[in-house]
Amino acid sequence: MVGFAGKSAVAGGIAVVALLGTPVPGTAVAEQCANPTGTYTAAVPWGQRLIDPARIWPLSRGTGQLVAVIGTGVDGRNGQFAPGQVVGGQGTTGDDCDGRGTIAAGIVGAQPDPSTTFTGIAPGARILPVRYTQVNGGGDPGQLASAIETALNRDAGIILIAVPAAADSPALTGAVSRAREKGALIVSPAAGTQQGQTSYPTATPGVLAVGSTNQAGEAVQTESGSYVGISAPGAELVSTSAGAGGTVAHRWPVSDPSLAAAHVAGVAALVRAYHPELSPEQVVARLTLTAHRGPSGRHDSRRGWGAIDAYAAVSVAIPADTPGPGGPPSVAPDTFVVPAAAPVRAGTDKVSGVLAIIGVAVAMAAGVVVAAVRRGKRRGWRPSRFRAS
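Along each chain, numbering runs from 1 in the same order as the chain's sequence is written. Owing to the predicted nature of the model, reporting of local features is limited to residues with pLDDT of at least 70; listing and counting of side-chain atom pairs is limited to 80 or more, with chain, interface and lining totals taken over all residues. Side-chain measures were taken over the full set of non-hydrogen atoms in the model, leaving aside hydrogen atoms and water.

### Considering the state of the cysteines
Chemically, a disulfide is nothing more than a covalent bond linking the sulfur atoms of two cysteines.
Part 1 of the argument: Any two cysteine sulfur atoms lying within 2.5 Å of each other are counted as a disulfide. Under the counting rule described, the total for this entry stands at one disulfide.
Part 2 of the argument: Covalently, cysteine 33 is tied to cysteine 97 through a disulfide, its sulfur atoms 1.9 Å apart. Note on the cysteine 33 and cysteine 97 pair: the S-S dihedral is about -105 degrees, so by sign convention the disulfide is left-handed. Taken together, the positions of cysteine 33 in the loop between helix H1 (26–31) and helix H2 (46–51) and cysteine 97 in the loop between strand E1 (66–71) and helix H4 (100–109) put the pair 64 residues apart, joining distant regions of the chain.
Part 3 of the argument: Assessed through its relative accessible area of 30%, cysteine 33 is described here as partly exposed. Only DSSP runs of H or I covering at least 4 residues are called helices, and only runs of E covering at least 2 are called strands; the numbering of each starts at the N terminus. Only protein chains enter the accessibility calculation, which uses a 1.4 Å probe; a residue whose area is less than 20% of its type maximum is buried, one above 50% is exposed, and one in between is partly exposed.

### As for the pairing of E1
Looking down a regular strand, the side chains alternate between one sheet face and the other.
Part 1 of the argument: Of all six residues in E1, six are buried; the element is thus mostly enclosed.
Part 2 of the argument: What you see with E1 is no split at all: Leu66, Ala68 and Ile70 on one side and Val67, Val69 and Gly71 on the other are buried throughout.
Part 3 of the argument: Both E1 and strand E2 (residues 126–131) contribute to a ladder of six bridges, which runs parallel. Each residue of the ladder has a partner; that of alanine 68, found in E2, is leucine 128. In this scheme, strands are said to pair when DSSP sees at least two bridges between them.

### As for the side chain of threonine 116
Part 1 of the argument: Mapped onto the elements, threonine 116 comes out in the loop between H4 and E2.
Part 2 of the argument: As used in this structure description, the phrase polar contact means that two N or O atoms lie within 3.5 Å; if the pair is within protein, one of them must be able to donate a hydrogen and the other to accept it, and residues adjacent in sequence are counted only when both atoms belong to side chains. In terms of polar contacts, threonine 116 uses its side chain to reach the backbone carbonyl oxygen of tyrosine 40, at 2.6 Å.
Part 3 of the argument: Only heavy atoms matter for contacts: two residues are in contact if any of them lie within 4.5 Å across the pair. Those residues in contact with threonine 116 that sit more than four places away from it in its chain are Thr39, Tyr40, Gln80, Val248 and His250.

### Observations concerning H4
Part 1 of the argument: In terms of burial, H4 is largely enclosed, as 10 of its 10 residues are buried.
Part 2 of the argument: Looking only at H4, the buried set comprises Arg100, Gly101, Thr102, Ile103, Ala104, Ala105, Gly106, Ile107, Val108 and Gly109.
Part 3 of the argument: Contacts from the buried residues of H4 go to E1, E2, strand E3 (158–161), strand E7 (237–240), strand E8 (250–254) and helix H7 (259–274).

### Some words on the environment of serine 177
Part 1 of the argument: Take serine 177: it is sitting in helix H6 (residues 170–181).
Part 2 of the argument: Along the chain, serine 177 and threonine 204 lie 27 residues apart, while their C-alpha atoms are 9.6 Å from each other.

### Side note on the nonpolar core
Part 1 of the argument: Buried residues of nine kinds, namely Ala, Val, Leu, Ile, Met, Phe, Trp, Tyr and Cys, make up a nonpolar core once their side-chain atoms join them within 4.5 Å. Counting 74 residues, the largest nonpolar core has Ile70, Ile148, Ile159, Leu160, Val264, Val267 and Leu287 as the members making the most contacts within it.
Part 2 of the argument: Of the residues forming this core, the biggest block, 11 residues, is contributed by H7.

### Topic: the packing of aromatic side chains
Part 1 of the argument: Only the six-membered ring of Trp is used, alongside the rings of Phe and Tyr, when aromatic pairs are assigned; centres must lie within 6.5 Å, and planes under 30 degrees apart are stacked while those over 60 apart are edge-to-face, with the rest tilted. Scanning all chains against the criterion turns up one aromatic pair.
Part 2 of the argument: Between tyrosine 40 and tryptophan 252, the ring centres sit 5.1 Å apart and the planes meet at 80 degrees, which makes this aromatic pair edge-to-face. Note that tyrosine 40 is positioned in the loop between H1 and H2 and tryptophan 252 in strand E8, a separation of 212 residues in sequence.
Part 3 of the argument: When its relative accessible area of 10% is taken as the criterion, tyrosine 40 is described as buried.
Part 4 of the argument: Take tryptophan 252: its relative accessible area is 25%, and that puts it in the partly exposed class.
Part 5 of the argument: A ring has a charge above it when a Lys NZ or an Arg CZ is no more than 6 Å from the ring centre and no more than 35 degrees off the ring normal. We note arginine 55 situated over the ring of tyrosine 311; from NZ or CZ to the ring centre the distance is 4.1 Å.

### What about the environment of tryptophan 46?
Part 1 of the argument: When you line up the elements, tryptophan 46 lands in helix H2.
Part 2 of the argument: Judged by relative accessible area, which is 10%, tryptophan 46 ranks as buried.

### Considerations on the sheet that holds strand E4 (residues 185–189)
Part 1 of the argument: Spatially, six strands are ordered E2-E1-E3-E4-E5-E6 in an open sheet, and the strand pairing comes out parallel. A single partner strand is all that each edge strand has here, and the edge strands are E2 and strand E6 (228–233). Going from strand to strand, the sheet's axes swing by 25 degrees on average, the running direction of each strand aside.
Part 2 of the argument: In terms of strand pairing, strand E5 (residues 208–213) meets E6 through five bridges, oriented parallel. Looking at the pairing, valine 210 lines up with isoleucine 230 of E6. Inter-axis angles, ranging from 0 to 180 degrees, are taken between N-to-C directions of lines fitted to C-alpha atoms, where helices are fitted over the stretch in contact.

### Quick word on unusual backbone geometry
Part 1 of the argument: Following tyrosine 200, the chain continues to proline 201 via a peptide bond in cis, the omega torsion being 10 degrees.
Part 2 of the argument: Tracing the backbone shows proline 201 in the loop between E4 and E5.
Part 3 of the argument: Here the amide bond leading from tryptophan 252 into proline 253 is cis, since omega sits at -15 degrees, within 30 degrees of zero.
Part 4 of the argument: Position of proline 253 relative to the elements: it lies in strand E8.
Part 5 of the argument: Its identity as a non-glycine residue notwithstanding, aspartate 155 has a phi of 65 degrees, on the positive side.

Spelled out as structure tokens, the structure:
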């Protein structure tokens, strides 16, 4: 896994790059804490353009959602987090020497700010930092299990694994089971960049496993498997930096397959805020059914069911009992949905609200089409794949 790079994280201008499976020694971590590259003011980052969160905000900003970021901690002093947005408490920390937890948290929920073109996906969501490792090379699965339990005890509805483990354990599997019982959605990256690597709890049943892509849509990570559900940006990214000391400051370019899961967690917060009645399984079905399929329309072992489509995931009307795509990777998914028409951005909240309602009405019509397709298929009719452009 390629770690973050940019301006020096140590004196003398030497960039720090950390690899999955090659943890930075503890003594080095203390001396090489992450520093900002600067304040990002260039073109809107490509990952942000792909998600296009501002298009969704008339419908949902993730308000009311608590997203636990489990990994190296989160530095809530970065000026792009709102006061009180990053919440502390027992088992949590506001420090992040490594920096990756702060980067992930910024992708999830950094506030819009006039000094930068970067913004998070769900600025209405609160961030719960839970640190279980001080380095980005992964950690002990037992400690990761304890971190998940901490997040559940704090009532986190979405649990983002910013640093997955390279091994499984009964405790980790049990923590995932308890998360499902409590209605919490765990989002974890397929972060392995070495042949044969498997990340945990990414590969555990009940977890939404996320593959990583670059701007060309190519898979970044080597890890693959039938458990990968969806893909999102994970290379050449921009996000909030630790060590900002109260200013709005960023790290770029950041290339790390684990950060794809941060994009999906942010979108999941938007979905759950707009559809609070949905179970974690229904959220996963919604995300995977609306994803942009590859050319074959089938499951890909590194990119899952396709690239995340955030607007469709929030706005499309899907019957609650609609199952997600499944079966062996060689079998095409059973259901395809038609994304709703996007509301044109408006200058006032009133106009935005009206347009959002129009978008939802179109989405409801799309839901009727989905139901008709399902009925037709039960009669033996095999329709061709359809999708709005």
